[in-house]
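Each chain is listed here by its residues.
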Amino acid sequence: MESVLTRDLIRLATESIDRLGAAEELPDPVVLELPDTLPLSRGRTVEWHPLVALAVAGHICRYWAQGAGPRGPFAIEAGSSPAGWATLVSPGNGSCPSRRLQAGGGPWSPSGIWITELCGHPRCTEPAPAGPGSRCPSHFGDPGPSGGTGPHWADLAARAWGERHGADGREHPRRVAERLSRLVKQAVAAGMPKEDVAAATGSRRAAVAEILRPAPDPEQGDEWM
Ligand SMILES: [Zn+2]
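Residues numbered from 1 in each chain as written. Predicted model: local features only at pLDDT ≥ 70, side-chain atom pairs only at ≥ 80, totals over all residues. Heavy atoms only, no water.

Observations regarding the overall build of the protein
Rules: Think of it this way: any DSSP run of H or I at least four residues long counts as a helix, any run of E at least two long counts as a strand, and we number them from the N terminus. Relative accessibility thresholds used throughout: buried, under 20% of the residue-type maximum; exposed, over 50%; partly exposed, between the two (1.4 Å probe, protein chains only). In this analysis, two residues are considered to be in contact whenever any of their non-hydrogen atoms come within 4.5 Å of each other. Each accessible area is a Shrake-Rupley result for a 1.4 Å probe, and residues are judged covered by the shown protein chains and nothing else.
In terms of helices and strands, the protein carries 6 helices and 6 strands. Burial statistics for the protein: of 225 residues in total, 34% are counted as buried. Excluding contacts between residues fewer than 6 apart, the proportion of contacts in the protein whose partners are at least 24 apart in sequence is 43%. Total accessible area on the protein stands at roughly 13500 Å², and carbon and sulfur atoms take up 54% of it.

Here it is as structure tokens:
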């Protein structure tokens, strides 16, 4: 194999699944023999469950299609486990930053099939804060995609944080409260005990009771007066 491409992941996975005999038999792991031409991969192999390889191929097509190109070639980074999990790297070039994902597990693993986008800095184990190739706070100083040294990664991470948590710190808690309120009400309506709803959602019982308290009827005036 001269290079590890997305289509290699798909081909090896489907070949492995095709070899599956009896239904209860586990399929062969997908063994990637990595190319010597990729410096990070020299002499390494990785074994993935075929469904992990398919999931990684799908993830690449979905999230790495812009800029990096979904084809590859990809490298496996040093420190990856020979069986179970591996860090797949798309080396950066030009305006496209390097991208890294870690994947492992399997359909029978307690953790299931998992894929995590990692910070694009080599060998960093922090998650990517703002999508593929973005840099964690320890690596905000890395050169940006165009080679610039401005706060590119910090800006990306800050904006992603704002989208998730609300830039002013007020909007987001309200949205969370609204979703929690709906969840609690519908869970109780479905027959779940209030104490179980509180425990499952990590809420205080008093908070659940507050959500379930009937709204005051405006026709009746303020019931607390
Ligand atoms: Zn990092």
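What about the environment of Trp161?
Among the structural elements, Trp161 can be located in helix 3 (residues 152-165). A relative accessible area of 51% means that Trp161 is categorised as exposed. In the structure, Trp161 is positioned 32 residues away from Pro129 in sequence and 7.9 Å away in space, judged by C-alpha atoms.

A few points about the sheet that holds strand 6 (residues 113-118)
What counts here: Any two strands between which DSSP finds at least two bridges are classified as paired.
Reading across the sheet, the 4 strands line up as 3-4-5-6 and stay open at both edges, with antiparallel pairing between neighbours. Taken across any chain shown, the strands that pair with only one partner, and hence form the sheet edges, are strand 3 (75-76) and strand 6. Note: strand 5 (residues 99-105) against strand 6, 6 bridges, orientation antiparallel. Looking at strand 6, one finds that Leu101 is bridged to Glu117.

With respect to the pairing of strand 5
On a regular strand, each side chain points to the face opposite its neighbour's, so the side chains alternate between the two faces of the sheet. Most of strand 5 sits inside the fold, with 6 of its 7 residues counted as buried. Direction of pairing for strand 4 (residues 85-90) relative to strand 5: antiparallel, over a ladder of 6 bridges. Within the sheet, the bridge partner assigned to Thr87 lies in strand 5 and is Gln102.

Looking at helix 2 (residues 50-63)
To be explicit about the condition: Here, expected helix span is obtained from the residue count minus one, scaled by 1.5 Å.
Spanning 14 residues, helix 2 covers 20 Å between terminal C-alpha atoms, matching the ideal 20 Å at 1.5 Å per step. Buried within helix 2 we find Pro50, Val52, Ala53, Val56, Ala57, His59 and Ile60.

So, the side chain of Gln102
Which entries qualify depends on this criterion: N or O atoms closer than or at 3.5 Å make up a polar contact, with two conditions inside protein: a donor-capable atom paired with an acceptor-capable one, and, for residues adjacent in sequence, both atoms drawn from side chains.
Here Gln102 is to be found in strand 5. Here Thr87 takes part through its side chain, which lies 2.9 Å from a polar atom of the side chain of Gln102. The residues contacting Gln102, other than those within four sequence positions of it, are Trp85, Ala86, Thr87, Trp114, Ile115, Thr116 and Leu118.

Quick notes on the nonpolar core
Proteins that are soluble and globular tend to have nonpolar side chains buried together. What counts, and what does not: Side-chain atoms within 4.5 Å link the members of a nonpolar core, which is a set of buried Ala, Val, Leu, Ile, Met, Phe, Trp, Tyr and Cys residues.
Formed by 16 residues in total, the largest nonpolar core has its most connected members in Leu9, Trp48, Val56, Ile60, Leu88, Leu101 and Ala103. For this core, the elements supplying multiple residues, two or more each, are helix 1 (6-18), strand 2 (45-48), helix 2, strand 4 and strand 5. At 5 residues, the largest contribution of residues to this core is made by helix 2. In terms of nonpolar packing, the next biggest core, distinct from the first, is built from 6 residues, Val184, Val197, Ala198 and Val208 among them.

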